[in-house]
Amino acid sequence: MMKTMTQGAAQAALPLNQILAGDCIEVMRSLPEASVDLIFADPPYNLQLRGDLHRPDNSRVDAVDDAWDQFASFEAYDRFTRDWLSAAQRLLKPNGAIWVIGSYHNIFRVGSAMQNAGFWILNDVVWRKSNPMPNFRGKRLTNAHETLIWASKSEAGKYTFNYEAMKALNEGVQMRSDWVIPLCTGHERLKDAAGDKAHPTQKPEALLHRVLVATTNPGDVVLDPFFGTGTTGAVAKMLGRDFIGIEREESYRAVAQERIDRVRKFDKSALETTGSKRAEPRVPFGQVVERGMLRPGEELFSPRGGIAKVRADGTLVGNDVKGSIHQVGAHLEGAPSCNGWTYWHFKRDGKLIPIDLLRQQIRAEMDADLGRPN
């Protein structure tokens, strides 16, 4: 009983759903010990850029050249890494876990520091970008991925992993450790007042959706010590998780707060493009949910008046059944099978629209990323 009361007091003392200003290490040290369920960290990559980078047309590439990504040496970066990881480990509950994302510039150094600190690595995940920035100098391979490290607080920690949710999100197929998700583009890319990128390394909501659905539960507390423009907070709020953000840059805090305060409306551009009739790439329904085209809790309607609600893992739940869009549709029809894409509809402006239009939008984006006409 005493333990429960202590944990409850720690929870009450947390600045939930707030963006805290200041140095992440100092702020983390001020928070209650063992009070956070999950940490998602996108630390500085220490890119070690040498001069500006230009495209073949001589236009300048908007690369990461901010002061927060600059360190005097590898030793300075390693010291910074050890300090923030130590502060993060103190905050995690015994069964908490951490995700750290990085590039080849820093992720190996961070991974070594994590193991030295006692974290237990569970998976490394390759985020393969379907639309990476080209290598303009032509002297290296196109850098088309980043690496995420998922680790428990300790070897004995009983971390959260929603295996069935991940399988359902991938339309019944076991989720792998290579995730193909595009960079932020279009409506998701945040801009400042001048029309420039609000943050050079904004992460896509689909990436955080998958992380949070996989390794947290509703009501969990998610801490992001490098909050940036608030992708972690936005997705946490959508999925019913509490968040704590730490960000020292005032401009990023302002953009993040405005983003989180804003109720994101349905993207009508999802209705503007239809896919071709040729053999098309497989699109799990879970991607529609990850990308925010449909939100958890939104209702879908069948031609015969059936209603089901969308869940965070890409499944549906009706009055007496739950499963994939195909399984629930087949159950309602009393049929051995059902094409859920054409069976289910969502409502916009009083009209019923087939969810297959959302799949066609995703396929069109895939074609555009690969340079194919749609």
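This structure is a prediction, so every number in the text was calculated from the model and none was measured.

Colleague: Explanation requested: helix α10 (residues 325-333) in the structure shown.
Modeller: Turn by turn, an α-helix covers 3.6 residues, leaving residues three or four places apart pointing in a common direction. Listing the buried residues of α10 in full gives Ile325, Val328, Gly329 and Ala330. Elements that come into contact with the buried residues of α10 comprise α9 (285-290), β10 (307-310), β11 (316-317), β12 (322-323) and α11 (340-343). Once α10 finishes, Gly334 follows within two positions and takes phi at roughly 65°, a positive value.

Colleague: Looking at this structure, I do not really get the packing of aromatic side chains. What am I missing?
Modeller: Aromatic rings in a pair are described by how distant their centres are and how their planes are angled relative to each other. A complete count under the given rule lists eleven aromatic pairs for this structure. Centre to centre, the rings of Phe80 and Phe226 are 6.2 Å apart; their planes meet at 65°, and the pair counts as edge-to-face. One end of the pair, Phe80, is in helix α3 (residues 74-91); the other, Phe226, is in the loop between β7 (221-224) and α7 (231-238), with 146 residues separating them in the sequence. The exposure class of Phe80 is buried, given its relative accessible area of 16%. Phe226 gets classed as buried once you look at its relative accessible area, which sits at 15%. Judged by centre distance (5.2 Å) and plane angle (85°), the ring pair of Trp84 and Phe226 falls under edge-to-face. Separated by 142 residues along the polypeptide, Trp84 in helix α3 and Phe226 in the loop between β7 and α7 bring together distant segments of the chain. Among the aromatic residues, those joined into a cluster by ring pairs are Trp99, Trp150, Tyr159, Phe161, Tyr163 and Trp179. The positively charged end of Lys129 is found above the aromatic ring belonging to Trp127, 5.2 Å away from the centroid.

Colleague: How should I be thinking about the confidence of the model for the chain in this particular structure?
Modeller: Detail in the predicted coordinates should be disregarded across regions flagged by low pLDDT. For the chain, the average pLDDT comes to 84, and 79% of its residues sit at 70 or higher. Here residues 49-61 is modelled with pLDDT under 50, and outside its nearest four sequence neighbours on either side it reaches 21 contacts, counting other chains as well. This model gives residues 265-278 a pLDDT under 50, and the stretch forms 27 contacts once residues within four places in sequence are excluded.

Colleague: Would you explain a nonpolar patch on the surface in this entry?
Modeller: Side chains of Tyr159, Phe161 and Tyr163 sit close together on the surface and give an oily, nonpolar patch of about 270 Å² of accessible area. Along the chain, Phe161 turns up in the loop between β5 (145-152) and α5 (163-169).

Colleague: Help me out: how do you make sense of the pairing of β7 in this one?
Modeller: Looking along a regular strand, one sees side chains alternate from face to face of the sheet. Every second residue of β7 is oriented toward a common face, with Val221 and Leu223 on one face and Val222 and Asp224 on the other, all of them buried. Here strand β2 (residues 36-41) runs beside β7; their pairing, made up of two bridges, is parallel. The partner of Leu38 across the bridge, within β7, is Val222. Relative to strand β8 (residues 242-247), β7 runs parallel, the two sharing four bridges. Within the sheet, the bridge partner assigned to Asp224 lies in β8 and is Gly245. Once the chain exits β7 it traverses α7 before rejoining the sheet at β8, and the crossover so formed is right-handed.

Colleague: What's the story with the sheet that holds strand β3 (residues 92-102) in this structure? I'm lost.
Modeller: Two orientations exist for strands paired in a sheet by backbone hydrogen bonds: parallel and antiparallel. The strand order across the open sheet built from eight strands is β1-β8-β7-β2-β3-β5-β4-β6, with neighbouring strands paired in mixed fashion. One side of each edge strand has no neighbouring strand; the edge strands of this open sheet are β1 (18-21) and β6 (178-180). On average, each strand axis in the sheet is inclined to that of its neighbour by 20°, with strand direction left out of account. Along the sheet, helix α4 (residues 107-117) contacts β3, β4 (120-128) and β5; its crossing angle with β3, the most-contacted strand, is approximately 165°. Helix-sheet contacts for helix α6 (residues 205-215) involve β2, β3, β4, β5, β6 and β7, and the interaxial angle to β2 is about 155°.

Colleague: Would you mind going over the nonpolar core with me for this structure?
Modeller: Membership of the largest hydrophobic core comes to 34 residues, with the highest contact counts inside it found for Trp99, Leu148, Trp179, Leu207, Val211 and Leu212. Listed by contribution, the elements that provide at least two residues to this core are β2, β3, β4, β5, α5, α6, α7 and α8 (250-261). No other element matches α6, which puts seven residues into this core. In contact with Val211, other than residues within four places in its own chain, are Leu38, Phe40, Trp99, Leu148 and Trp179. Ranked by size, the runner-up nonpolar core spans 32 residues in total, among them Leu14, Val27, Tyr77 and Phe226.

Colleague: Sorry, what's going on with unusual backbone geometry here?
Modeller: The phi angle of most residues is negative, glycine excepted, and most peptide bonds adopt the trans form. The phi dihedral of Asn17 is positive, around 55°, even though this residue is not glycine. Structurally, Asn17 is set in the loop between α1 (2-13) and β1. We classify Asn17 as partly exposed; its relative accessible area is 38%. The phi dihedral of Asp349 is positive, around 55°, even though this residue is not glycine. Tracing the chain through its elements places Asp349 in the loop between β13 (345-348) and β14 (351-354).

Cut-offs applied
In this convention, every chain numbers its residues from 1, walking through the sequence in written order. It should be noted that, the model being predicted, local features are given only for residues of pLDDT at least 70 and side-chain atom pairs only at 80 or more, the latter also being counted only at that level, while totals for whole chains, interfaces and linings use all residues. Side-chain calculation: all heavy atoms of the structure are included, whereas hydrogens and water are not. We call a residue buried when its accessible area falls under 20% of the maximum for its residue type, exposed when it is over 50%, and partly exposed in between, using a 1.4 Å probe and counting protein chains only. Helix and strand assignments follow DSSP, with helices taken as H or I runs no shorter than four residues and strands as E runs no shorter than two, numbered in order from the N terminus. In this analysis, two residues are considered to be in contact whenever any of their non-hydrogen atoms come within 4.5 Å of each other. When two rings of Phe, Tyr or Trp (its six-membered ring) have centres within 6.5 Å they constitute a pair, described as stacked for plane angles under 30 degrees, edge-to-face for angles over 60, and tilted for the intermediate range. Charge-over-ring placement is defined geometrically: NZ (Lys) or CZ (Arg) within 6 Å of the ring centre, and within 35 degrees of the ring normal. Confidence scores labelled pLDDT are given residue by residue by the predictor and lie between 0 and 100. Patches were defined on residues exceeding 30% relative accessible area and lacking a salt bridge, with like-charge contacts within 9 Å and nonpolar side-chain contacts (Val, Leu, Ile, Met, Phe, Trp, Tyr) within 5 Å. With residues, only the protein chains shown are counted as cover, and all accessible areas are computed by Shrake-Rupley using a 1.4 Å probe. Whenever a carboxyl oxygen of Asp or Glu lies within 4 Å of a side-chain nitrogen of Lys or Arg, that contact is scored as a salt bridge. Only strands joined by at least two bridges in the DSSP assignment are considered to pair. If the strands point away from the viewer and the path from the first strand over the helix to the second runs clockwise, then the crossover is right-handed. The convention used is that axes are lines fitted to C-alpha atoms, helices contributing only their stretch in contact, and that angles between N-to-C directions extend from 0 to 180 degrees. Working definition of a nonpolar core: buried Ala, Val, Leu, Ile, Met, Phe, Trp, Tyr and Cys residues. They are joined through side-chain atoms within 4.5 Å.

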